[in-house]
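Spelled out, the chains give:
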Amino acid sequence: LGSFTGAGMLLAPDAVGDDGLFDILAIEQMSTWKMLQSLKYLYNGRIDEHPATHARRCASLTIEGDNTRLFQCDGELVGNLPIKIDLLPRRLGVLSPA
């Protein structure tokens, strides 16, 4: 829920936690060396400027693939493909300090 993921990586700089939209970041396959050279983009808020990334926003998401492909959500395995996910805006109450 939000812009950041583990260790401060800023994957979705424009994400809004309660707008009912997925902020999706697809990254093209690249060599290990190129990946290491690209790490700075994950921390400086400019990941959408990297030529191998594609950012999109949507309220509904379908990911297709053969049923041997696993799907994870926030690091947890949740099932196999294909999968369809719909977001419901403002359905999760979150408490945070002022």
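The following refers to the structure shown.

Parameters at a glance
Throughout this description, residue numbers start from 1 for each chain and increase along the sequence as written. Totals for whole chains, interfaces and linings use all residues, but because this is a predicted model, local features are given only for residues with pLDDT of at least 70 and pairs of side-chain atoms are given and counted only at 80 or more. Values shown for side chains rest on all heavy atoms present in the structure; no hydrogens or waters enter the calculation. Helix and strand definitions follow DSSP, with helices as H or I runs of at least four residues and strands as E runs of at least two, each counted in order from the N terminus. A 1.4 Å probe rolled over the protein chains alone gives each residue an accessible area, and that area as a share of the maximum for its type sets the label: buried under 20%, exposed over 50%, partly exposed in between. The criterion used for residue contact is that any of the two residues' heavy atoms lie within 4.5 Å.

A separate point is the overall build of the protein. Of regular secondary structure, the protein possesses two helices and eight strands. The linear arrangement of helices and strands in the protein, starting from the amino end, is β-β-β-α-α-β-β-β-β-β. In terms of overall dimensions, the protein has a C-alpha envelope of 45 × 40 × 20 Å along the principal axes. Split into buried and exposed, the 98 residues of the protein put 19% on the buried side. Of the contacts formed within the protein by residues at least 6 apart in sequence, a portion of 53% connects residues at least 24 apart.

Checked against the element boundaries, T53 lands in strand β4 (residues 53-58). Among residues more than four places away in sequence, those in contact with T53 are L25, A26, I27, I47 and D48.

Attention shifts here to the environment of Q29. The residue Q29 is located in the loop between β3 (22-27) and α1 (32-38) in this model. Residue Q29 is classed as exposed on the basis of its relative accessible area, which comes to 84%. In this structure, the C-alpha to C-alpha distance between Q29 and A52, residues 23 residues apart in sequence, is 8.0 Å.

This next bit is on the environment of P82. On the secondary structure map, P82 appears in the loop between β7 (76-80) and β8 (83-86). Between the C-alpha atom of P82 and that of A12, which follows or precedes it by 70 residues, the distance is 24 Å. Filtering out sequence-adjacent residues up to four positions away, P82 remains in contact with I63, E64 and G65.

Such coordinate-based values are descriptive only and should not be taken to indicate function.
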